[in-house]
Amino acid sequence: MEERAHSAEHTHLQTHHHHSHTASSHHERGHHLLQVSSLSIGFRMYDPDAPYFAAEQRVSNVIEDLSISVHVGEIVAVVGASGSGKTLLADCIMGLYEPNALVTGEVWFDGQNMGADSLATVRGRAGGIALVPQSVSHLDPLMRVGKQVEGFSRRGEGSARAARRVKLFERYGLDESVGRMYPFELSGGMARRVLLCCALAGDPKLIIADEPTPGLDLDLAVKALEDFRAFADEGGGVMLITHDIELALRVADRVAVFRDGTIVEETSVESFASPDLLKHPFSKALWHALPEHDFSWAGAVEGSMQQGFGACVSAGGEKPSSVSGKEEA
Amino acid sequence: MGKFVVKHIVRLTLLLLAVSAIAFGLIAASPVDPVQANVGQAAWVSMSEAKRAQLAEYWGVNTPIWERYVNWLGAVLHGDLGTSLRYNAPVADVIAWRAGNTLALMAVAWVVSGVLGFALGVVAGVKRGGVVDKVVKAYCFVLASTPAFWLGLLFLMVFAVGLGWFPIGFSVPIGKAAADVTFAEVAHHMVLPAITLSVVGVAQIALHTREKTIDVMESDYMRFARARGLTTWQAVRRHGLRNLALPAITLQFASISEIFGGSVLVEQVFSYPGLGQAAVTAALGGDAALLCAIAVFSAALVFGGNLIANILYGVIDPRIRKGEVSR
């Protein structure tokens, strides 16, 4: 689609356009599925550099002036180094921040401007936002998996939830017996599908997947994310949070490059075909660092980038085979 | 299963042997002279040297300690716990009567402190940093550092002497025939000692539960539960309590030893005729047979509590239960 036509579709003040689109992204009912504008999250803390008793409180921003959008029908990958605050971003979009967090900026979901209270009413609900977490540690170790996938039933909807759980298990190739297992009995592959089923049990419109394929090598991870592709194709939106740029380029429609608490560039995957299509110097450096390119840190690349991305870029080929072996189980 | 039973029986036997030997050794080493203590101060002073020597011979003062222990052990294995010097009755009878009082007292204190401590700990942990948390923490720190006997004295002064709501001691009304005592009267006499014991026990349980609750609240599965639309309290009800139950059970059964220790002091303060009071009497009177029997009894009680905790842990936690099966 052409850039100009897109702008014309916007009816809200969200005429953003610090990002570029791909064919699959469209503005249903004239707005983004999710739009985050100028989001900052800070914590009040004592100045760590000041002498002990003279330390004054100041606000330290973990996320600063961050903007990102997710359209219906697309997977947007948020790519950044581990430990750089990506999970905090996920929490914030779900309205799950700590009471002492200082949050400014706007979150729009499905055309509505959301605060912490209104986000609480859409997370986990039909047509709302669902989280797909990283690991099986997000399941209650003492509760049977089936019951957890069904989730918390309010009065009178227990049987409907059970029926939905059976359907989801069928669709994702999970045997009925898996429902009676405890989380510690799940294999890696089962756990991933169970976590996805947990999210889908709420019939969400937007999925936020926080490193959903830990320990998988690239090909298996891409395969595992086919389910997200299907979800997006059926009219949902996916925000895929990952540290793996290669994975992001293989499965996502658009890539948002996360660095130092903000999105430095939000662009279509196609832009990564050539460094000339990328605007920000960090994105360009990232492009050069990819194994199939010249593998060099072109231009002035600061040390922090190397620390952050050096490991993950090379991760694809070096994963021990035992991890992928477990996956087949 | 058979292996499990045998292993624990062997352990219990060794434990009881060790406890009885140590109790025996301690009482032999104590400066209290059992002969003097039992004859009475006045009689002892007016007694001739020859008479004293004769008494010492009669009581077996000069028999070596190991021989006394072996004699005692042999008799116990034949079911004879010996005769209490201080109560002038078979040890088995003394313990049987007093154990009833003590166990009733302990059971009430154990349940009250467990339930109350757990509830306070969970609320404080969930509302960490809030007003409720601060109040609970202050309460726990004050009480955890309060000696049980002092609190008992305070309760006696305020509620028994000052307000007159409760009797000042004993387990039944003074001067009433045992057959005429009603359940209400027994309960009435138990209130103050039980409250003293519970109030002190609550502090430990609440503080431990609070720590555990904070861990659970910060866990991935609680975060995910809230991400799926549960409110904090719904998540606590559905996932939190389940995961808190395991450590709470261990703690609760391990606290039997603390409650028993507390009951010794509390019974003394309230002149409550239980095992704790008998233990104090036995120790002060050089009553080896009674003291050893009480030591063994309480060791078995605490062992039993820990064993139950172990077994319940395996029954409740699927990771242990299923792990055992597949092994």
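Attention here is on the structure that accompanies the text. Note that the structure is predicted; figures quoted are calculated from it, not measured. Numbering of residues starts from 1 in each chain and follows the order in which that chain's sequence is written. Key to labels: chains lettered from A, ligands numbered from 1, both in the order written. Residues qualify for local features only when their pLDDT is at least 70, as the model is predicted, and side-chain atom pairs are given and counted only at 80 or more; totals for whole chains, interfaces and linings, by contrast, use all residues. Side-chain metrics in this entry use all non-hydrogen atoms of the structure; hydrogen atoms and water are not considered.

What follows concerns the overall build of chain A. By the criteria applied, helices consist of DSSP H or I runs no shorter than four residues and strands consist of E runs no shorter than two, each listed in order from the N terminus. A tally of regular secondary structure across chain A gives 12 helices and 10 strands. Whether a residue is buried, partly exposed or exposed follows from its accessible area with a 1.4 Å probe, protein chains only, as a fraction of its type maximum: under 20%, in between, or over 50%, in that order. Buried positions account for 54% of the 329 residues belonging to chain A. Excluding contacts between residues fewer than 6 apart, the proportion of contacts in chain A whose partners are at least 24 apart in sequence is 66%. Accessible area for chain A stands at about 14,500 Å²; split by element, carbon and sulfur atoms hold 51% of it. Throughout, a residue-residue contact means that at least one pair of heavy atoms, one from each residue, lies within 4.5 Å. Where accessible areas are quoted, they stem from the Shrake-Rupley method and a 1.4 Å probe; at the residue level, only the protein chains shown are allowed to cover.

Below, the discussion takes up the overall build of chain B. The helix and strand inventory of chain B stands at 14 helices and 2 strands. Among the 327 residues that make up chain B, the fraction classed as buried is 41%. Here the analysis covers contacts within chain B between residues at least 6 apart in sequence; of these, 73% occur between residues at least 24 apart. Total accessible area computed for chain B in this model is approximately 17,000 Å², and 69% of it derives from carbon and sulfur atoms.

This paragraph deals with the interface of chain B and chain A. Contacts between chain B and chain A engage 21 residues on the former and 32 residues on the latter. When two components associate, each loses some accessible surface as probed by a 1.4 Å sphere; the sum of these losses over both components is called the buried area. Of the roughly 2,500 Å² buried where chain B meets chain A, counting both sides, 56% is carbon and sulfur surface. Taken as a group, R223, F224 and R228 of chain B account for 28% of the area that chain B buries against chain A, more than any other trio of residues on that side. What makes a salt bridge here is a side-chain nitrogen of Lys or Arg within 4 Å of a carboxyl oxygen of Asp or Glu, nothing more. In this structure, the connection of chain B to chain A is made through 1 salt bridge. Across the salt bridge formed by D91 of chain A and R223 of chain B, the nearest N and O atoms sit 2.7 Å from each other. Nitrogen and oxygen atoms within 3.5 Å of one another constitute a polar contact, given that in protein one can donate a hydrogen and the other can accept it, and given that sequence-neighbouring residues count only through two side-chain atoms. Where chain B packs against chain A, one counts 13 residue pairs in polar contact (both at pLDDT 80 or more). Listed by contribution, the elements that provide at least two residues to the side of chain B that touches chain A are helix 10 (220-227), helix 11 (232-269) and helix 14 (318-326) of chain B. A per-element tally of the side of chain B that touches chain A places helix 11 of chain B first, with 7 residues. Among the residues making up the side of chain B that touches chain A, the classes are represented as 6 nonpolar, 4 polar and 11 charged. In the scheme used here, Gly and all other residues not listed as nonpolar or charged are polar, with Ala, Val, Leu, Ile, Met, Phe, Trp, Tyr, Cys and Pro taken as nonpolar and Asp, Glu, Lys and Arg as charged.

All names here are of chain B. Helix axes use the C-alpha atoms of the stretch in contact, all axes being lines fitted to C-alpha atoms, and the angles between their N-to-C directions lie in the range 0 to 180 degrees. Close contact between helix 7 (residues 131-144) and helix 9 (residues 183-217) brings their axes to 8 Å; oriented N to C, the two are set at 130°. Overall, the two elements helix 7 and helix 9 adopt an arrangement that is oblique. Crossing of helix 7 against helix 9: the hand is left-handed. Facing D133, K137, Y139, C140, F141, L143 and A144 of helix 7, the residues of helix 9 in contact are V199, V200, V202, A203, Q204, A206, L207 and R210. Here the residues of the contact of helix 7 with helix 9 sort into 11 nonpolar, 1 polar and 3 charged. Roughly parallel here means an angle under 35 degrees, roughly antiparallel means over 145, roughly perpendicular means 65 to 115, and every remaining angle is called oblique. Definitions for this section: a left-handed crossing has its near helix turned counterclockwise from the far helix by less than a right angle. A right-handed crossing has that turn clockwise.

Moving on: the environment of I249 of chain B. Residue and element names in this part refer to chain B. Its place among the elements puts I249 in helix 11. For the pair I249 and N306, spaced 57 residues apart in sequence, the C-alpha to C-alpha distance is 10.0 Å. Apart from residues no more than four positions distant in its own chain, I249 is found in contact with A309, L312 and I316.

The criterion for an aromatic pair is that two Phe, Tyr or Trp rings (for Trp, the six-membered ring) have centres within 6.5 Å, with stacked assigned to planes under 30 degrees apart, edge-to-face to planes over 60 apart and tilted to the rest. Enumeration over the complete set of coordinates arrives at 6 aromatic pairs over all chains. Judged by centre distance (5.3 Å) and plane angle (70°), the rings of F24 of chain B and Y69 of chain B are edge-to-face. Here the residue F24 of chain B occupies a position in helix 1 (residues 2-29), and Y69 of chain B occupies one in helix 5 (residues 65-77), the gap between them amounting to 45 residues. Each member of the pair, F24 of chain B as well as Y69 of chain B, carries the same accessibility label: buried. Ring geometry for Y69 of chain B and W72 of chain B: centres 6.0 Å apart, planes at 25°, overall stacked. Remark: W72 of chain B and Y69 of chain B occur in helix 5; sequence separation between them is 3 residues, near one turn of the helix. Here Y69 of chain B falls in the buried class, since its relative accessible area comes to 15%. A relative accessible area of 12% means that W72 of chain B is categorised as buried. Members of the aromatic cluster, each reached through a chain of ring pairs, are F24, Y69 and W72 of chain B. For a lysine, the NZ atom is tested; for an arginine, the CZ atom; a charge sits over a ring if that atom is within 6 Å of the ring centre and within 35 degrees of the ring normal. When the ring centre of F169 of chain A is taken as reference, the NZ or CZ atom of R165 of chain A above it lies at 4.8 Å.

All names here are of chain A. Buried residues dominate strand 7 (residues 206-210), accounting for 5 of its 5 residues. Both faces of strand 7 are covered, namely the face carrying L206, I208 and D210 and the face carrying I207 and A209. Bridge analysis of strand 6 (residues 129-132) against strand 7 gives 4 bridges, and the strand direction is parallel. Residue pairing for strand 7: L131 is matched across the bridge by I208. As paired strands, strand 7 and strand 8 (residues 237-242) are joined by 5 bridges and run parallel to one another. Within strand 8, the position partnered with L206 by the bridge is G237. For two strands to be treated as a pair, DSSP must find at least two bridges joining them.

Here we come to the sheet that holds strand 9 (residues 254-259) of chain A. Residues and elements named next belong to chain A. Taking strand neighbours across the sheet as the criterion, the 6 strands line up as 6-7-8-3-9-10 in an open arrangement whose pairing is mixed. Of all strands in the sheet, those with a lone pairing partner are strand 6 and strand 10 (262-268), marking the two edges. Pairs of neighbouring strands in the sheet enclose a mean axial angle of 20°, with direction left out of account. One ladder, built from 4 bridges, connects strand 3 (residues 75-79) with strand 9; its direction is parallel.

What follows is about the side chain of T146 of chain B. All names here are of chain B. Positionally, T146 belongs in the loop between helix 7 and helix 8 (148-162). Judged by its relative accessible area of 12%, T146 is buried. Within the structure, T146 has its side chain in polar contact with the backbone oxygen of V142 (distance 2.6 Å).

Moving on to the pattern of salt bridges. In this structure the tally under the stated criterion is 16 salt bridges over all chains. Among the salt bridges present, the one from D219 of chain A reaches R250 of chain A, with a minimum N-O distance of 3.2 Å. Here D219 of chain A, found in helix 7 (residues 218-224), pairs with R250 of chain A, found in helix 9 (residues 245-251); they are 31 residues apart in sequence, far enough to count as distant. Residue classification places D219 of chain A among the exposed residues on the basis of a relative accessible area of 54%. Here R128 of chain B and E218 of chain B are joined by a salt bridge, their closest N and O atoms 3.0 Å apart.

Moving on: the sheet that holds strand 5 (residues 112-114) of chain A. Residue and element names in this part refer to chain A. Pairing within the open sheet is antiparallel, and its 4 strands lie in the order 2-1-4-5. Single-partner strands in this sheet number two, and they are strand 2 (57-70) and strand 5. Going across the sheet, the axis of each strand differs from the next one's by a mean of 10°, ignoring polarity. Examined bridge by bridge, strand 4 (residues 101-109) and strand 5 share 3 bridges and lie antiparallel to one another. Bridge assignment links W108 to a residue of strand 5, and that residue is N113. Relative to the sheet, helix 2 (residues 86-93) contacts strand 1 (34-46), strand 2 and strand 4, its axis offset from that of strand 1 by approximately 115°.

Here we take up the side chain of R52 of chain B. Among the secondary structure elements, R52 of chain B is positioned in helix 4 (residues 49-59). Beyond its immediate chain neighbours, meaning those up to four positions away, R52 of chain B contacts W44, V45 and M47 of chain B.

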